[in-house]
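Residue strings, one per chain:
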Amino acid sequence: RARIPFPERDATYLNIKENQFGGKMQTWFAYASSLIQEGYAFDYVVKADSDSMLYPEEFFSEVSQSLPSNPTRVYSGVSVSRYHCGKKNDEHCNKMLDEYYMGGSVEILSADLAHYVASLSSKRRRELEISNHEDISIGNFVLSHPEKVTSVDLGKPW
């Protein structure tokens, strides 16, 4: 087996206990926003599940071809329609703010949307959050923006 030199060098550790529904995602967006405010320039912030297998070459190729540079209010990933609920009257489907959200394997937010999500008050996050449905919650956070959000459905996971 090949040994990867300094495997920790390419990792970011957040000062928050590992959790799925306890603020880790908001902490990630806040951290990314703080980097932008410090002067680091990047167009998008990506949230990927730890059990997602991304193939970097394919992923970056798709993103660079499909997403605009210098974006404003762009929300991307693999879109999941409200209609995935079928005729069920599930609470989580009833609380969706729009007709879709991006499935959790990979969610891509323009830097301004990441900042918006990170800036939501605790009270507003609690109003929009759906227990045990992180992906729909992120969709609600993003789609609660007062201005139109552009959706870019990448159509497939990598």
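See above for the structure.
This structure is a prediction, so every number in the text was calculated from the model and none was measured.

Criteria and thresholds
Residues numbered from 1 in each chain as written. Predicted model: local features only at pLDDT ≥ 70, side-chain atom pairs only at ≥ 80, totals over all residues. Heavy atoms only, no water. Helix = DSSP H or I, 4+ residues; strand = E, 2+ residues; numbered from the N terminus. Contact = heavy atoms within 4.5 Å. Salt bridge = Lys/Arg side-chain N within 4 Å of Asp/Glu carboxyl O. Buried < 20%, exposed > 50% of the residue type's maximum accessible area, 1.4 Å probe, protein only. Polar contact = N/O pair within 3.5 Å; in protein donor to acceptor, adjacent residues only side chain to side chain. Phe/Tyr/Trp six-rings, centres within 6.5 Å; stacked < 30°, edge-to-face > 60°. Expected span 1.5 Å × (residues − 1).

Trainee: Help me understand the side chain of Gln26 in this model?
Mentor: With respect to the element layout, Gln26 can be found in helix H1 (residues 24-37). Those residues in contact with Gln26, other than ones at most four positions away along the chain, are Arg125, Glu129 and Phe141.

Trainee: What should I look at first to understand the pattern of salt bridges in this one?
Mentor: It is possible for side chains of opposite charge to pair when their charged atoms get near one another. For the coordinates displayed, the defined rule picks out five salt bridges. Of the charged contacts, one joins Lys47 and Glu134 as a salt bridge, the two residues approaching to 3.5 Å between their closest N and O atoms. Of the two residues, Lys47 sits in strand S1 (residues 44-48) while Glu134 sits in helix H6 (residues 134-143), which places them 87 residues apart along the sequence. The exposure classification of Lys47 matches that of Glu134, with both residues buried. Between Lys123 and Glu127 there is a salt bridge, with its nearest N and O atoms 3.1 Å apart. In this pair, Lys123 and Glu127 both sit in helix H5 (residues 122-128), four residues apart, roughly one turn of the helix. Glu127 sits in the partly exposed class, given a relative accessible area of 48%. Ionic contacts of the salt-bridge type, sharing partners, join the residues Lys47, Glu107 and Glu134 into one network.

Trainee: I tried to follow the side chain of Lys47 on my own but got confused; where do I start?
Mentor: We classify Lys47 as buried; its relative accessible area is 8%. Of note is the side chain of Lys47, whose polar atom sits 3.5 Å from the side chain of Glu134.

Trainee: Looking at this structure, how should I read the packing of aromatic side chains?
Mentor: Each aromatic ring pair is characterised by the separation of its centres together with the angle its planes make. All told, the structure shown has three aromatic pairs when counted by the stated rule. With a centroid separation of 5.3 Å and 70 degrees between ring planes, the pair formed by Phe59 and Phe60 is classed as edge-to-face. For Phe59, a relative accessible area of 5% translates into the label buried. The exposure class assigned to Phe60 is exposed, which follows from its relative accessible area of 54%.

Trainee: Sorry, what's going on with unusual backbone geometry here?
Mentor: Glycine aside, a negative phi is what most residues show, and trans is what most peptide bonds show. A positive phi angle is found at Asn70, which is not glycine, with a value near 50 degrees. Secondary-structure assignment places Asn70 in the loop between helix H2 (56-66) and strand S2 (74-81). The exposure class of Asn70 is exposed, given its relative accessible area of 66%. Positive phi values are uncommon outside glycine, yet Arg73 reaches one of about 50 degrees.

Trainee: How should H1 be read in this particular structure?
Mentor: For an α-helix, the turn length of 3.6 residues means that residues three or four places apart are oriented alike. Along its 14 residues, H1 runs 20 Å from first to last C-alpha, staying within 8% of the 20 Å computed at 1.5 Å per residue. Every buried residue of H1 is accounted for by Met25, Gln26, Phe29, Ala32, Ser33 and Leu35. At the exit of H1 stands Gly39, carrying a positive phi of roughly 110 degrees.

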